[in-house]
Amino acid sequence: GQQVMQIPQYQHVQEGEDFTTYCNSSTTLSNIQWYKQRPGGHPVFLIQLVKSGEVKKQKRLTFQFGEAKKNSSLHITATQTTDVGTYFCAGRQSSNYKLTFGKGTLLTVNP
Amino acid sequence: SAVISQKPSRDICQRGTSLTIQCQVDSQVTMMFWYRQQPGQSLTLIATANQGSEATYESGFVIDKFPISRPNLTFSTLTVSNMSPEDSSIYLCSVEDIQGRATNTGELFFGEGSRLTVL
């Protein structure tokens, strides 16, 4: 079955440093989504990428979808303490509608 | 977005008992899902709740253990049967495709989750 790998599992940064999490699928995806889960909270949708090579920005967050539509990344510039949480990617296969979640990257930020 | 209410929010249960979790959505939705998230882990899809028919279960999950109901487009229940400590987890209801919404991009909306501890 489809597998979605996400690295790193944990990342601790000083406030103001940048952060990147990477997602890689074993199969070509029709789209990929990113979610953020604050500690003790539930996952909240951030963005969806659909096109090969697509890049989208949300303030300090930059999302990329690979040319082969098998990998993606989320980059946060100048992290803030409000960025703390677990970031999940979730890939949707072309053949069915199900989302497969990566294991997530837990980001902690030292003020 | 959709407002999703789950209850109970948390419970402590005895081994061998069963617990039913309810999920109520403030809008009619096409797709409703149940996920499990074990502590510090990712989200694993248990099943898709289908209105008026049997749920569609993922590999490793069976109806006898996780019976699901979905009587209408806004409500679903998940029962965790004959619980063991291994069932201690957060169970999340999620929905996709809010009916009547101008744009549905395939994003999932999640409930707050039900944290079960089985002793």
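No experiment lies behind these values; they were computed from the predicted model shown.

**Student:** Can you tell me about the overall build of chain A, naming the residues and giving the values?
**Tutor:** In terms of regular secondary structure, chain A is built from 0 helices and 11 strands. Ordered by position from N to C terminus, the α and β elements of chain A give β-β-β-β-β-β-β-β-β-β-β. Radius of gyration (C-alpha) of chain A: 13 Å, near the 13 Å computed for a compact globule of 111 residues. For chain A, the spread of C-alpha atoms along the three principal axes comes to 45 × 25 × 20 Å. Put simply, chain A has 111 residues, and 48% of those count as buried. Expressed as a percentage of contacts within chain A between residues at least 6 apart in sequence, the contacts between residues at least 24 apart total 55%. For chain A, the computed accessible surface area is about 5,400 Å², with 52% contributed by carbon and sulfur atoms.

**Student:** Run through the side chain of serine 89 of chain B, naming residues and quoting values.
**Tutor:** Residue and element names in this part refer to chain B. Along the polypeptide, serine 89 turns up in strand S9 (residues 89-98). Of the residues examined, serine 89 reaches a relative accessible area of 3% and is grouped as buried. A polar side-chain atom of serine 89 sits 3.0 Å from the main-chain carbonyl oxygen of glutamine 37. Residues within four places of serine 89 in sequence aside, it is in contact with Arg36, Gln37, Gln38, Ser114, Arg115 and Leu116.

**Student:** Give a description of the interface of chain A and chain B that names residues and reports values.
**Tutor:** Interface size, as often reported, equals the accessible area lost upon joining of the parts. Contacts between the two partners involve 15 residues from chain A, matched on the other side by 19 residues from chain B. The junction of chain A with chain B conceals about 1,400 Å² of combined surface from both sides, 52% of it contributed by carbon and sulfur atoms. Together, His42, Tyr97 and Phe101 of chain A form the three largest contributors to the area buried by chain A at its contact with chain B, with a combined 34%. Counting every contact that joins chain A to chain B gives 1 salt bridge. Between glutamate 96 of chain B and arginine 92 of chain A there is a salt bridge; the shortest N-O distance is 3.7 Å. Listing elements by their share of the side of chain A that touches chain B, those giving two or more residues are strand S4 (29-37), strand S5 (44-49), strand S9 (85-93) and strand S10 (99-101) of chain A. Residue contributions to the side of chain A that touches chain B peak at 3 residues, all from S4 of chain A. The residue makeup of the side of chain A that touches chain B, split by class, is 7 nonpolar, 5 polar and 3 charged.

**Student:** Talk me through the environment of glycine 91 of chain A; I want residue IDs and the actual numbers.
**Tutor:** Residue and element names in this part refer to chain A. Residue placement: glycine 91 occurs in strand S9. Judged by relative accessible area, glycine 91 falls into the buried class, the value being 0%. The sequence separation of glycine 91 and isoleucine 32 amounts to 59 residues, and the corresponding C-alpha distance is 4.4 Å.

**Student:** Explain the sheet that holds strand S7 (residues 61-65) of chain A to me, and be specific about the residues and the numbers.
**Tutor:** Residue and element names in this part refer to chain A. One open sheet accounts for 5 strands, arranged S1-S3-S8-S7-S6; its pairing is antiparallel. With partners counted over all chains shown, the strands left at the sheet margins are strand S1 (4-7) and strand S6 (55-58), one partner each. Neighbour-to-neighbour, the strand axes of this sheet turn through a mean angle of 15°, independent of strand direction. With 5 bridges connecting them, S7 and strand S8 (residues 71-76) associate as antiparallel partners. If you follow phenylalanine 63 over to S8, its bridge partner there is leucine 74.

What counts and what doesn't
- Starting from 1, residues in each chain are numbered consecutively following that chain's sequence as written.
- All chains are assigned letters beginning with A, and all ligands numbers beginning with 1, in the order in which they are written.
- For this predicted model, a pLDDT threshold of at least 70 governs which residues receive local features, and a threshold of 80 or more governs which side-chain atom pairs are given and counted, while totals over whole chains, interfaces and linings are taken from all residues.
- Side-chain metrics rest on all non-hydrogen atoms present in the structure, leaving aside hydrogens and water.
- A run of H or I in DSSP becomes a helix once it reaches four residues, and a run of E becomes a strand once it reaches two; helices and strands are each numbered from the N terminus.
- Values of the radius of gyration come from C-alpha atoms, whereas the globule rule sets the reference at 2.2 Å times the count of residues to the power 0.38.
- Burial here depends on accessible area, computed with a 1.4 Å probe over protein chains only, as a share of the maximum for the residue type. Under 20% is buried, over 50% is exposed, and the range in between is partly exposed.
- Pairs of residues are marked as contacts when any of their non-hydrogen atoms sit within 4.5 Å.
- Reported accessibility uses the Shrake-Rupley method at a 1.4 Å probe radius. Residues are deemed covered only where the shown protein chains occlude them.
- Any pair of nitrogen or oxygen atoms within 3.5 Å is treated as a polar contact; in protein, a donor-acceptor pairing is required on top of that, and neighbouring residues in sequence qualify only through side-chain atoms on both sides.
- When two parts are put together, the accessible area they lose, computed with a 1.4 Å probe and summed over both, is reported as buried area.
- By definition here, a salt bridge exists when the distance from a side-chain nitrogen of Lys or Arg to a carboxyl oxygen of Asp or Glu is within 4 Å.
- Basically, the charged four are Asp, Glu, Lys and Arg, the nonpolar ten are Ala, Val, Leu, Ile, Met, Phe, Trp, Tyr, Cys and Pro, and anything else, Gly included, counts as polar.
- Paired strands, in this sense, are two strands between which DSSP finds at least two bridges.
- Fitted lines through C-alpha atoms serve as axes, helices being fitted only where they are in contact, and the angles separating the N-to-C directions of these axes extend from 0 to 180 degrees.

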